[in-house]
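The primary structure of each chain is shown beneath.
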Amino acid sequence: MNHLLCGLAANENLPSPLLDRLIAVADAEVAHHLADRADLSRPQAVALAARVEESGVPLAYRGRLTAADVDPVARPDVALALLDTGAAPAAWARLLAADPVVEHREKLAACPGLPPDVVETLAADPEVRVVAEAALCAPAHVAARLAAHPHAEVRRMVAANEATPPSVLEALVTGDGLPAARHCLVCDRQRPPFAHDPHRPRCDGDPPPWGSCDGAHTSTTHDLLHAALRNPATPAEALVGFVEHPSQLLRRALAARRDLPTPVYEFLASDPDPGVRADLAENPVIGDALIRTLADDDCHDVRRGLAHHPGTPLDVLTRLARGAKIGATLVPRIATASLTEVEALAGASDPAARMLVAQRRDLPAEIRDALATDPDAKVVKSVAPHPGLKESQLRAMAERHGARVIAGIAANPDATPALLAELARHEPPVRKALRLIAGHDNATAPALLACLDDDEARPLAAGHPALSPAVVTDLVAGPDRRSAEAAAANPSLPPTVMAELLPLLPERAESPGRDAEPAPGPPRSRDRRTR
């Protein structure tokens, strides 16, 4: 990977003539960055697609190429990308439906808005992979017909299709009214009964490690049921019997549904598998009584799920905050709390309650300012990034609580350049704060220079436009590849240096012959501390 060329490809100030030169020497990795440029013209996109074939698909998805730029016979992959975004004519779909490459027909089957005749063609394709993909995206009447397909993989995809009629989904779950499937992907490759020997190396063409077939297409049938349980169009009455199914995956899918009778959720609350209970805890339809029951669960994942439940009562949420390791995040119930509730939480004696509400970024000024003087460092750390805090308030936080709150202060959008420079020089260094300062809009050269001494903050600082052009140039020539790439992408990099890099790096990437002249390197690095 030519990291400096990749950096230049992302540099928003790269002059158009240099961009043309970069396109002319781009490889796949450089092209990946070039395809993201907002200023890439249509002629430049066409030139890039011609230079690097792999760039055609991302350019099509980003709208840089149009149907007029693409030959669907020569570049079916790009044509499929345009079909997938609705930017290609229907005639292309008919053309590609007869493409001899299975992967192309399979990709076509996943494209939305296909003409009905193309859908019918793909649904009758001789390759089961194509039919299965068509079944996943098919309209209701086609999905209903494919539910009786002899291959279990096609039926599995019908079960996942939300357009499939509910009565058909129920039939797939129960098997009533449908002929038995005759094939699956496992018995297509191995004679049943078959299950993977964990001690036998897998060979090309083997079914997946979880695949098994005893004649009844065991693993595919399980996957079909899992798809139906996750499909919101499947009638709830067809699924309640799975509450005691031996498969933990099926019970987890059941616990996440939002249309089941209350007794089903109550039964799942005592499921022996903690994953089932954790999924249930996150389900927004469970009520207060069940939430309070689950709050006493000894599984951390269950309690954390409840903390992120939008309906968790505030007293339960406060209790969970003491031990569920919610993290520095605004949970849904706090985000929707009323002003009265916010005032009550901010004035609570429990610091866990104050810490929860301090995560909001729309607090009234008087509540925000009160939390900024809280005696608990965790509360102050939570409120420190709140916009509107004055420099004097942020400095007071740092003086009272030191390193425990400095990262929070560094994340404040109103932190001044002078304050950021002081925080960057804190001893001992606060590494998380350095990373935040290195990416802060208000950071200036003094703060960024301090960030360059930290391995993780250096690449962020190297790309900051407030860094002086001389320092950016030194970083381009430095030994740290990540920082050099970020510096090459820095809009402060002088255009003369950009021009110097372009002809040199492709030569340096090759191994010159013994008689070849050595390519000159980037500008010599000078000690940034002398500036």
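Residues numbered from 1 in each chain as written. Predicted model: local features only at pLDDT ≥ 70, side-chain atom pairs only at ≥ 80, totals over all residues. Heavy atoms only, no water.

**Focus on the overall build of the chain**
Now for step 1: Looking only at helices and strands, the chain features 34 helices and two strands.
Now for step 2: Here the chain holds 531 residues, and the buried ones make up 47% of them.
Now for step 3: Excluding contacts between residues fewer than 6 apart, the proportion of contacts in the chain whose partners are at least 24 apart in sequence is 48%. (Helix = DSSP H or I, 4+ residues; strand = E, 2+ residues; numbered from the N terminus. Buried < 20%, exposed > 50% of the residue type's maximum accessible area, 1.4 Å probe, protein only. Contact = heavy atoms within 4.5 Å.)

**Considering the environment of Arg258**
Now for step 1: Mapped onto the elements of the fold, Arg258 is located in the loop between α15 (248–255) and α16 (262–268).
Now for step 2: Once the C-alpha coordinates of Arg258 and Ala236 are considered, the two residues, 22 residues apart in sequence, prove to be 9.2 Å apart.
Now for step 3: Once residues lying within four places of it in the same chain are set aside, the contact partners of Arg258 are Tyr265, Asn283, Pro284 and Val285.

**Focus: the side chain of Arg277**
Now for step 1: Counting through the fold element by element, Arg277 comes out in helix α17 (residues 274–282).
Now for step 2: Within the local environment of Arg277, its side chain forms a polar contact with the side chain of Asp297, the two groups lying 2.6 Å apart.
Now for step 3: Sequence-distant contacts of Arg277, defined by excluding residues within four places in its chain, comprise Leu268, Ala269, Asp271, Pro272, Asp297, Asp298, Cys299 and Val302. (Polar contact = N/O pair within 3.5 Å; in protein donor to acceptor, adjacent residues only side chain to side chain.)

**Comments concerning a positive patch on the surface**
Now for step 1: On the surface, a cluster of positive charge is made up of Lys378, Lys381, Lys432 and Arg435.
Now for step 2: Counting only elements with at least two residues in the positive patch, the list comes to α25 (377–383) and α29 (431–438).
Now for step 3: Looking at where Lys378 falls in the secondary structure, it is placed in helix α25. (Patch = residues over 30% accessible without salt bridge, like charges linked within 9 Å, V, L, I, M, F, W, Y side chains within 5 Å. Areas by Shrake-Rupley, 256 points an atom, 1.4 Å probe, with all protein chains shown as cover. Salt bridge = Lys/Arg side-chain N within 4 Å of Asp/Glu carboxyl O. Lys, Arg positive; Asp, Glu negative; His and termini not counted. Charge placed at Lys NZ, Arg CZ, Asp CG, Glu CD.)

**Concerning the pattern of salt bridges**
Now for step 1: Inspection of every chain in the model, using the stated rule, returns 29 salt bridges.
Now for step 2: Put simply, Asp297 and Arg277 hold a salt bridge, and the shortest N to O gap is 2.6 Å. Here Asp297, found in the loop between α18 (288–294) and α19 (300–307), pairs with Arg277, found in helix α17; they are 20 residues apart in sequence, far enough to count as distant.
Now for step 3: Relative accessible area serves as the criterion here: at 12%, Asp297 is assigned to the buried category.
Now for step 4: Residue Arg277 is classed as buried on the basis of its relative accessible area of 10%.
Now for step 5: Linking Asp350 and Arg322 is a salt bridge whose minimum nitrogen-to-oxygen distance equals 2.6 Å. In this pair, Asp350 is assigned in the loop between α22 (339–346) and α23 (351–358) and Arg322 in helix α20 (residues 314–323), connecting sequence segments 28 residues apart.
Now for step 6: Members of the salt-bridge network, linked through shared partners, are Glu103, Glu106 and Arg129.

**Notes on helix α24 (residues 365–372)**
Now for step 1: Buried residues of α24: Ile367, Arg368, Leu371 and Ala372, and no others. Buried positions in α24, seen along its axis, are confined to an arc of 140° and lie on one side of it.
Now for step 2: Summarising the contacts, the buried residues of α24 are in contact with α22, α23, α25 and α26 (391–401). (Arc of directions from axis to C-beta.)

**Let's talk about the nonpolar core**
Where a protein is soluble and globular, its nonpolar side chains tend to be buried together.
Now for step 1: The biggest cluster of nonpolar side chains holds 163 residues, and the ones touching the most others in it are Leu8, Leu108 and Met397.
Now for step 2: For Leu8, the residues in contact, after removing those within four places along its chain, are Leu14, Leu22, Arg37, Ala488, Ala489, Leu493, Met498, Leu501 and Leu502. (Core = buried A, V, L, I, M, F, W, Y, C linked by side-chain atoms within 4.5 Å.)

**A closer look at unusual backbone geometry**
Now for step 1: Following Glu427, the chain continues into Pro428 via a peptide bond in cis, with omega recorded as -5°.
Now for step 2: Looking at the secondary structure, you find Pro428 in the loop between α28 (417–424) and α29.

**Quick look at α15**
Residues that lie three or four places apart on an α-helix share one face, since the helix turns once every 3.6 residues.
Now for step 1: Within the sequence span of α15, burial applies to Leu250, Arg251, Ala253, Leu254 and Ala255.
Now for step 2: Where α15 starts, the residue carrying a side-chain oxygen 3.4 Å from the main-chain nitrogen of Leu249 turns out to be Ser247.

**Quick word on the confidence of the model for the chain**
Now for step 1: With 89% of its residues at a pLDDT of 70 or more, the chain shows a mean pLDDT of 90.
Now for step 2: Across residues 505–521, confidence stays below pLDDT 50; counting only partners more than four residues off in sequence or on other chains, it has 13 contacts.
Now for step 3: With pLDDT under 50 throughout, residues 524–531 is counted as low confidence; its partners more than four residues away or in other chains account for 13 contacts. (pLDDT = per-residue confidence, 0-100.)

**Some remarks on the environment of Ala307**
Now for step 1: One can find Ala307 in helix α19.
Now for step 2: Residue Ala307 is classed as buried on the basis of its relative accessible area, which comes to 0%.
Now for step 3: Dropping the residues within four chain positions of it, Ala307 is found in contact with Leu317, Leu320, Ile326 and Val331.

**Things to note about the packing of α15 against α17**
Now for step 1: Closest axis-to-axis distance for the α15/α17 pair is 8 Å, and the angle between their directions is 15°. Looking at the two axes, α15 sits roughly parallel to α17. As α15 runs across α17, the sense of the crossing is right-handed. Note on element contacts: α17 touches α15 through Gly275, Val276, Asp279 and Leu280, opposite Gln248, Arg251, Arg252 and Ala255.
Now for step 2: Grouping the constituent residues of the contact of α15 with α17 by class yields three nonpolar, two polar and three charged. (Axes fitted to C-alpha atoms, helices over the stretch in contact; angles between N-to-C directions. Parallel < 35°, antiparallel > 145°, perpendicular 65-115°, else oblique. Left-handed = near helix turned anticlockwise from the far one by under 90°. Nonpolar A, V, L, I, M, F, W, Y, C, P; charged D, E, K, R; others polar.)

**Quick notes on the side chain of His440**
Now for step 1: Looking at the secondary structure, you find His440 in the loop between α29 and α30 (445–451).
Now for step 2: At a separation of 2.7 Å, a polar atom in the side chain of His440 contacts the main-chain carbonyl oxygen of Asn412.
Now for step 3: When near neighbours in sequence (up to four residues on either side) are disregarded, His440 contacts Ala410, Asn412, Pro413, Ala415, Leu420 and His464.

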